[in-house]
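Chain by chain, the residues:
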Amino acid sequence: MTRPPLPPFTVETAAEKVRLAENGWNSRSADVVTPAYSDDSRWRNRAEFITGHDDIHAFLTRKWDKELDYRLIKELWAWSGNRIAVRYAYEWHDDSGNWFRSYGNENWEFDEDGRMSARHTSLNDLPITEDERLFHWPLGPRPDDHPGLTELGL
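- By the naming in an unreviewed UniProt entry, the protein goes by Nuclear transport factor 2 family protein and is assigned to Ruegeria pomeroyi.

What follows is the structure in structure tokens.
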């Protein structure tokens, strides 16, 4: 199984990989997202350490059960060889209707087959009002004409 584009990355293929990851996560489906990671992928997400498909699937299921109406934008920051760094923001609300914008950075490492073998994430949640939301597309992938982080001033 391969997950193109494959390393080593160019600016074009790194940007494509970032957008494919964004689209996958915007599906809010652990079944869609989990196969993009190697069987023994290692994650650090906030203070949680995750290894392998079972842990990844469980984490993503918990995440999207809590983070409702999730919409994500990722932006390529840097790349080299089989590594990509991204910055991102996503908006979501909890089951009480409280809205948040979560800001973060990720460092990714890929196997030769294009699946991610390591994901190191740092992020913070900013409470926002519903009127402060900036991500207003229908649930699912971000439309091609929707502004990215830089265009939104984030």
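### A short note on the pairing of strand 5 (residues 99-110)
Here is step 1: Pairing of strand 4 (residues 83-93) with strand 5, which is carried by 11 bridges, proceeds in the antiparallel orientation. Following the sheet pairing, valine 86 is matched in strand 5 by glutamate 106.
Here is step 2: Taking the residues that link successive antiparallel strands as the turn, the strand 4-strand 5 hairpin has five residues, and the phi of glycine 97 there is positive, at about 85°.
Here is step 3: Bridge count between strand 5 and strand 6 (residues 116-128): 12 bridges; the pairing is antiparallel. Bridge pairing in strand 6 places tryptophan 108 opposite arginine 119.

### Some details on the side chain of glutamate 67
Here is step 1: When you line up the elements, glutamate 67 lands in the loop between helix 3 (52-66) and strand 3 (68-80).
Here is step 2: Overall, glutamate 67 belongs to the buried group, its relative accessible area being 6%.
Here is step 3: A polar atom in the side chain of glutamate 67 sits 2.7 Å from the side chain of lysine 63.
Here is step 4: Engagement of the side chain of glutamate 67 in a polar contact is seen with the side chain of tyrosine 90, the distance being 3.2 Å.
Here is step 5: Not counting chain neighbours up to four residues away, the residues in contact with glutamate 67 comprise Arg46, Tyr90, Trp92 and His93.

### Some thoughts on the nonpolar core
Soluble globular proteins tend to pack their nonpolar side chains together in the buried interior.
Here is step 1: Core analysis: the largest hydrophobic core is formed by 27 residues, its most contacted members being Trp25, Tyr37, Trp43, Leu60, Ile84, Tyr90 and Trp108.
Here is step 2: Taken together, the elements giving at least two residues each to this core come down to helix 1 (11-26), helix 2 (30-33), strand 1 (37-45), helix 3, strand 3, strand 4, strand 5 and strand 6.
Here is step 3: For this core, the leading source of residues is strand 4, giving five residues.
Here is step 4: In this structure tyrosine 90 touches Arg46, Lys63, Glu67, Tyr70, Arg71, Leu72, Phe100, Arg101, Ser102, Leu123 and Phe135, once residues within four positions along its chain are discounted.
Here is step 5: The next biggest cluster of nonpolar side chains, apart from the first, holds five residues, and it includes Ile73, Ala89, Trp137 and Leu149.

Analysis parameters
Residues take numbers from 1 onward in each chain, read along the sequence in its written order. Under the rules for a predicted model, residues below a pLDDT of 70 receive no local features and side-chain atom pairs below 80 are neither given nor counted, while totals for whole chains, interfaces and linings still include all residues. Based on all heavy atoms of the structure, the side-chain values leave hydrogens and waters out of the count. Note: two strands are recorded as paired if DSSP finds a minimum of 2 bridges between them. Secondary structure elements are taken from DSSP: a helix is a run of H or I of four residues or more, a strand is a run of E of two residues or more, and numbering for both begins at the N terminus. Under the scheme applied here, a residue whose accessible area is under 20% of the maximum for its type counts as buried, over 50% as exposed, and between as partly exposed, the area being computed with a 1.4 Å probe on protein chains only. What qualifies as a polar contact is a pair of N or O atoms within 3.5 Å, subject to a donor-acceptor requirement within protein and to the restriction that residues adjacent in sequence count only when both atoms come from side chains. For this analysis, residues touch if any pair of their heavy atoms sits within 4.5 Å. Buried residues of nine kinds, namely Ala, Val, Leu, Ile, Met, Phe, Trp, Tyr and Cys, make up a nonpolar core once their side-chain atoms join them within 4.5 Å.

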